[in-house]
Amino acid sequence: MADNNVSSAPIKYDHNFAQEFFSTENGRLAQKCMQCGMCAVSCATKDLMDHSPRRLFNLVRAGKKDEVLGSNTMWMCTSCCTCKVRCPRGIPLVDVMHDLKNMAIAQNYVSYPQAAFYQAFWQEVLNRGRAFEGGVMARYYLKRGWGEIKKAFEMKDLGMSMLKHGRLPMVPPRKIKGLKELQQIIEKAQALQRKEAK
Amino acid sequence: MKYSLYPGCSMEGTAVPYLKSIEVVAEALGMHLEEIPDWNCCGATIASGVVGDFTQQVVAARNLALAEPKGYDVLVGCSSCYFSLALTNRRFQTDDHFRQMANEALAAGGLRYNGTLRVRQILEVMINDIGLDKIAARVKRPLTGLKVAGYVGCQTVRAVPWEFDDPEDPVFMDKLIEALGATPVKFPMKAKCCGSSQALTATDIVLAAGNDILQCALDNGAQMLVTPCPMCQLNLDAYQGMVNQQFGKNFNLPVLFFTQLMAIAFDLPPAAWALKNMIVSPYEALAPFGINR
Ligand code: SF4
Ligand code: SF4
């Protein structure tokens, strides 16, 4: 609750950050937030979040970049859409969370396991055209290192039963035929997106 | 009735029983499915966290561009794929600026999408295109007395709110269960989130959600759960053992895709039931209907 601490030191606001956030595709929609708290009471994982979505948007306005991009809030979001359905201002919070994840990764706030998972998933799509689950897992564990691999071994019963029931193919499917074209499309989309953000 | 099928990545892996049952059930109902040729991953709700919504939606749109020449509705089973494809489609149809920009990107791969298709969730298609009467008429093995919790999960009904069912208290799944002769139990957690892709990254979320959902099903007398979502299915089925360990429970509730239950009720060949793929054994619950290992 650092936000409520009484301190004589001047509070540092980073107004550029609020501007930066409100210029993202969906972040701009969060400007309409009226702080009603409906998302906070509805959220599937709010007990685990550093800040509820409502509070997070308030911190954005206050320009608290480190607290926002360094928080686990967007990473704990499961994209369950409960808040999106209920927000009286029609803010697509799930998509705003996507932008926040995107910003966090781009600015190297990547300490949460979910950031590694997201990157692993995307690498798989980029290299194969499809997300082979075994490949996503392998990339994720490599990124996270030994601690996570140990945890994986602790769950070996789960992996074994999935293998036994034919739910965990070990051989990846073939890359899609149009992989090169897909990669060209992605490259172009990224270039257009950067241009649009300017 | 013809459809373009978008299977999605999970149906090549953890959700194989979904695909196996969908294909045969659809055929039995006179639906003609054509898989979108060379489809790619839709990006789910994951890719946009890395590359942004625009790029993710362009990636998803490649599939719609590949399907557009046929003109059939695009049939989607996975809730995350549905989220991604349905929202992308909507943007093509309602946002001119987006459509132009997205088509500029697609053109780099020699493609274009005009936004003429409909993206449909398979549960919705069963109710609205096929109809409960026709489904009930096709039943050869009525599942009379089987108590089923219809677990819809979150994204299926909330990705595009009010597209086809109540996002807070969905009823389509219960109606379908009824049409198969089974009894849908009261199930307040039918649309609660299962923790989705947090299974690897924050396992506790999935275990806690699983505990709540399974307990709710059990308390209401369910003998099994059925779902239209690959993540819900996987989290509740594969992680049920860990839920038992963590919370000192004794859950033994099979979790099937709703299309598997349809394949059983239609008395289609057992390969389409895909019961061998299930981690929590469904045989005890199905024994009264003459189904044994
Ligand atoms: S529900 Fe919407 S308006 Fe209310 S606090 Fe959350 S984001 Fe803001
Ligand atoms: S979509 Fe994310 S932020 Fe919204 S209620 Fe679900 S978990 Fe919470």
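See the structure above.
### Observations concerning the overall build of chain A
1) Next: Helices and strands together make up the secondary structure of chain A, namely 12 helices and 0 strands.
2) Next: Helices and strands appear in chain A in the N-to-C order α-α-α-α-α-α-α-α-α-α-α-α.
3) Next: A principal-axis box enclosing the C-alpha atoms of chain A has dimensions of 60 × 40 × 35 Å.
4) Next: The buried share of chain A, reckoned over its 198 residues, is 48%.
5) Next: Residue pairs at least 24 apart in sequence account for 65% of intrachain contacts in chain A once pairs closer than 6 positions are excluded.
6) Next: Summed over its atoms, the accessible surface of chain A is roughly 10300 Å², and 54% of this surface lies on carbon and sulfur atoms.
7) Next: Each charge class in chain A can be summarised by its mean position, and for the 31 positive and 18 negative side chains these summaries are 4 Å apart.

### With respect to the interface of chain A and chain B
1) Next: At the interface, 61 residues of chain A touch 65 residues of chain B.
2) Next: Of the roughly 5500 Å² buried between chain A and chain B, counting both surfaces, carbon and sulfur atoms make up 62%.
3) Next: Ranking the residues of chain A by area buried against chain B places Arg130(A), Arg167(A) and Ile185(A) at the top, with a combined share of 14%.
4) Next: For the pair chain A and chain B, the number of links is 4 salt bridges.
5) Next: Salt-bridge contacts for Arg91(B) lead to Glu25(A); the nearest nitrogen and oxygen are separated by 2.9 Å.
6) Next: If you look at where chain A meets chain B, you find 34 residue pairs in polar contact (both at pLDDT 80 or more).

### Some remarks on a nonpolar patch on the surface
1) Next: A cluster of nonpolar side chains, namely Met160(A), Leu163(A), Met170(A) and Val171(A), defines an oily patch on the protein surface of about 440 Å² accessible area.
2) Next: With respect to the element layout, Leu163(A) can be found in helix H11 (residues 156-164).

### With respect to the site of ligand 2
1) Next: Neighbouring ligand 2 are the residues Cys43(A), Ala44(A), Thr45(A), Pro53(A), Cys77(A), Thr78(A), Ser79(A), Cys80(A), Cys81(A), Cys83(A) and Val94(A).
2) Next: Taken together, the residues that form the shell around ligand 2 break down as 8 nonpolar, 3 polar and no charged.

### Here we look at the side chain of Lys190(B)
Residues and elements named next belong to chain B.
1) Next: Note on placement: Lys190 falls in the loop between strand S6 (183-184) and helix H10 (198-201).
2) Next: For Lys190, a relative accessible area of 8% translates into the label buried.
3) Next: When near neighbours in sequence (up to four residues on either side) are disregarded, Lys190 contacts Gly150, Tyr151, Val152, Gly153, Asp169, Pro170 and Asp174.

### Concerning helix H13 (residues 240-247) of chain B
1) Next: Among the residues making up H13(B), those that are buried are Gln240(B), Met242(B), Val243(B) and Asn244(B).
2) Next: Of the surrounding elements, those touching the buried residues of H13(B) are H11 of chain A together with helix H11 (203-219), helix H12 (230-238) and strand S8 (255-257) of chain B.
3) Next: Of the residues one or two after H13(B), Gly248(B) is the one with positive phi, at around 60 degrees.

### Some remarks on the pattern of salt bridges
1) Next: For the coordinates displayed, the defined rule picks out 18 salt bridges over all chains.
2) Next: A salt bridge links Arg128(A) to Glu124(A), with the nearest nitrogen and oxygen atoms 2.7 Å apart. Placement of both Arg128(A) and Glu124(A) in helix H8 (residues 113-128) is noted, with a separation of 4 residues, approximately one turn of the helix.
3) Next: For Glu124(A), a relative accessible area of 1% corresponds to the buried category.
4) Next: Of the charged contacts in the structure, one is a salt bridge between Arg90(B) and Glu163(B), with a shortest N-O distance of 3.2 Å. Of the two residues, Arg90(B) sits in helix H4 (residues 79-94) while Glu163(B) sits in the loop between helix H8 (155-158) and helix H9 (172-179), which places them 73 residues apart along the sequence.
5) Next: By relative accessible area, which is 39% here, Arg90(B) ends up partly exposed.
6) Next: Judged by relative accessible area, Glu163(B) falls into the partly exposed class, the value being 41%.

### Examining the nonpolar core
1) Next: One finds Met126(B), Leu146(B), Leu180(B), Phe258(B) and Met262(B) to be the most contacted residues of the largest nonpolar core, which totals 147 residues.
2) Next: Beyond its immediate stretch of four places on either side in the chain, Phe258(B) contacts Tyr18(B), Ile122(B), Leu123(B), Met126(B), Met173(B), Leu176(B), Val226(B), Thr227(B) and Pro228(B).
3) Next: Residues Leu158(A), Val185(B), Ala199(B) and Ala217(B) belong to the second largest nonpolar core, which totals 31 residues.

### So, the site of ligand 1
Residue and element names in this part refer to chain A.
1) Next: Cys33, Cys36, Gly37, Cys39 and Cys87 are the nearest of the 13 residues found near ligand 1.
2) Next: Elements that contribute at least two residues to the shell around ligand 1 include exactly helix H2 (38-42) and helix H3 (53-61).
3) Next: For the shell around ligand 1, the per-class residue count stands at 10 nonpolar, 2 polar and 1 charged.

The rules we used
Residues numbered from 1 in each chain as written. Chains lettered and ligands numbered in written order. Predicted model: local features only at pLDDT ≥ 70, side-chain atom pairs only at ≥ 80, totals over all residues. Heavy atoms only, no water. Helix = DSSP H or I, 4+ residues; strand = E, 2+ residues; numbered from the N terminus. Buried < 20%, exposed > 50% of the residue type's maximum accessible area, 1.4 Å probe, protein only. Contact = heavy atoms within 4.5 Å. Areas by Shrake-Rupley, 256 points an atom, 1.4 Å probe, with all protein chains shown as cover. Lys, Arg positive; Asp, Glu negative; His and termini not counted. Charge placed at Lys NZ, Arg CZ, Asp CG, Glu CD. Buried area = accessible area lost by both parts, 1.4 Å probe. Salt bridge = Lys/Arg side-chain N within 4 Å of Asp/Glu carboxyl O. Polar contact = N/O pair within 3.5 Å; in protein donor to acceptor, adjacent residues only side chain to side chain. Patch = residues over 30% accessible without salt bridge, like charges linked within 9 Å, V, L, I, M, F, W, Y side chains within 5 Å. Near = heavy atom within 4 Å. Nonpolar A, V, L, I, M, F, W, Y, C, P; charged D, E, K, R; others polar. Core = buried A, V, L, I, M, F, W, Y, C linked by side-chain atoms within 4.5 Å.

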